[in-house]
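Coordinate inspection notes
What follows is each chain in one-letter form.
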Amino acid sequence: MGDLFLVRHGETEWSRSGRHTGSTDVPLTAKGRDEARGLVPLIRSHRVGAAFVSPLQRARETAELIGLRDVRIDVDLREWDYGGYEGITTVEIQRTRADWFLFTDGVAPGPPDHPGETPEQVGERADRVLAKVDAALANSEGVVVLVAHGHFLRVLTARWLGLPPAEGALFQLATGTLGRLSTEHGRPVIAAWNVRPPS
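Residues numbered from 1 in each chain as written. Predicted model: local features only at pLDDT ≥ 70, side-chain atom pairs only at ≥ 80, totals over all residues. Heavy atoms only, no water.

A few points about the overall build of the protein chain
We apply this condition: Strands are runs of DSSP state E lasting at least two residues, helices are runs of H or I lasting at least four, and both sets are numbered from the N terminus onward. Taken over C-alpha atoms, the radius of gyration is set against a globule rule of 2.2 Å times the number of residues to the power 0.38. The buried label goes to any residue with under 20% of its type's maximum accessible area, the exposed label to any with over 50%, and the partly exposed label to all in between, with areas taken from a 1.4 Å probe on protein chains only. By definition in these notes, contact holds between two residues if any of their heavy atoms fall within 4.5 Å. To measure how exposed things are, a 1.4 Å probe is used in the Shrake-Rupley method; for residues, cover is taken only from the protein chains shown.
Summing up its helical and strand segments, the protein chain has eight helices and six strands in all. Its helices and strands taken in sequence order, the protein chain reads β-α-α-α-β-α-β-α-α-α-β-α-β-β from the N to the C terminus. The C-alpha radius of gyration of the protein chain comes to 16 Å, within 12% of the 16 Å expected for a compact globule of 199 residues. Overall size of the protein chain, expressed as C-alpha extent along the three principal axes, is 50 × 35 × 30 Å. Here the protein chain, with 199 residues, has 47% of them falling under the buried criterion. A sequence separation of at least 24 residues applies to 67% of the contacts in the protein chain between residues at least 6 apart. When the accessible surface of the protein chain is totalled, it reaches about 9600 Å², and 50% of it is carbon and sulfur.

Considerations on the packing of aromatic side chains
Test applied: When two rings of Phe, Tyr or Trp (its six-membered ring) have centres within 6.5 Å they constitute a pair, described as stacked for plane angles under 30 degrees, edge-to-face for angles over 60, and tilted for the intermediate range. Think of it as a cone above the ring: NZ of Lys or CZ of Arg counts as a charge over the ring if it is within 6 Å of the ring centre and within 35 degrees of the ring normal.
Counted according to the given criterion, the structure contains four aromatic pairs. Ring geometry for F101 against F103: centres 5.8 Å apart, planes inclined by 50 degrees, an arrangement best described as tilted. Take F103: its relative accessible area is 3%, and that puts it in the buried class. By way of ring pairs, the aromatic residues W80, F101 and F103 are connected into one cluster. The ring of W14 is capped by R19, whose NZ or CZ atom sits 3.8 Å from the centre of that ring.

Some details on the side chain of H151
Along the chain, the position of H151 falls in helix α8 (residues 150–160). Setting aside chain neighbours within four positions, we find H151 in contact with H20, E79, W80, Y82, L102 and F103.

Some remarks on the packing of helix α2 (residues 30–38) against helix α4 (residues 57–65)
To keep it simple, the criterion reads: Only the contacting stretch of a helix is used when fitting its axis, a line to C-alpha atoms as for every element, and angles between N-to-C directions run 0 to 180 degrees. Roughly parallel covers angles under 35 degrees, roughly antiparallel covers those over 145, roughly perpendicular covers 65 to 115, and oblique covers all other angles. The hand of a helix crossing depends on one turn: near helix anticlockwise from the far one by less than a right angle means left-handed, and clockwise means right-handed. For this classification, the nonpolar set comprises Ala, Val, Leu, Ile, Met, Phe, Trp, Tyr, Cys and Pro, the charged set comprises Asp, Glu, Lys and Arg, and every other residue, Gly included, is treated as polar.
The interhelical angle for the contact between α2 and α4, taken along N-to-C directions, is 45 degrees, at an axis separation of 8 Å. In terms of orientation, α2 and α4 fall into the oblique class. As for how α2 packs across α4, the hand of that crossing is right-handed. Contacts between α2 and α4 involve R33, A36 and R37 on the former and, on the latter, E61, T62 and L65. For the contact of α2 with α4, the class distribution of residues is two nonpolar, one polar and three charged.

Re the pairing of strand β6 (residues 187–195)
Convention followed: Whether two strands pair comes down to DSSP finding at least two bridges between them.
Looking at chain direction, strand β5 (residues 178–184) and β6 are connected through six bridges and run antiparallel. Residue pairing across strands places E184 opposite R187, the latter belonging to β6. Taking the residues between adjacent antiparallel strands as the criterion, β5 and β6 are bridged by two residues, where H185 takes a positive phi near 55 degrees.

Some remarks on α8
Most of α8 is tucked away, with 10 of its 11 residues classed as buried. Looking at α8, one finds that the buried residues are G150, H151, F152, L153, R154, V155, L156, T157, A158 and W160. In this structure, the buried residues of α8 make contact with β1 (4–8), α6 (102–105), α7 (119–139), β4 (143–148), β5 and β6. Downstream of α8 by one or two residues, G162 has phi in the positive range, about 80 degrees.

Some details on α7
Note the following rule: For a helix, the expected span equals 1.5 Å multiplied by the number of residues minus one. What the arc covers is the set of directions going from the helix axis to the C-beta atoms.
In this model α7 runs 30 Å from its N-terminal to its C-terminal C-alpha over 21 residues, within 8% of the 30 Å that 1.5 Å per residue would give. The set of residues buried in α7 consists of P119, V122, G123, R125, A126, V129, L130, V133, A136 and L137. Taken down its axis, α7 places every buried residue within 155 degrees of arc, on the same side. Away from its buried face by more than 90 degrees, α7 exposes E120, A138 and N139. Buried positions along α7 lie against β1, β2 (48–53), α6, β4 and α8.

Structure (structure tokens):
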């Protein structure tokens, strides 16, 4: 079986400023597009058996810039629904909730169309994605690539390793980077993390 490649989309104005960007469909910055293009050699050096992408434009554009073809859009790959914390930075949240931490506390309720998610709900989506990944790895040759978002991919990594969703906090993930999840002696491992092309 092949490995699972995780690509976090390139930089956006909101990621640069630390604003929680769930459903807000912000585009890549010029730097974000350069980050995505820089990943091309890392992707091209492997046969891609299947690729899935979040429906949000920052992920779709990243997938296009790294040269992925026949990409399947998957709503389960969208970013954490931040509810009432959409567009707000951690520093701003901690002015009123000093000990707040996303991975354990979740978010404040938001409007009906974006009510917010708990860490466990994000973990359930990650589990659904991993079931699709397992099927793709079993039915195709090569690696499976996911192009998505920082917090979601961190939770997915925790679930790959058999850890609770909150343990995604352990895996800092920069924009425009590649992670590689694999197995060793039949056990899930992280084979590479926060990989950028050589400068």
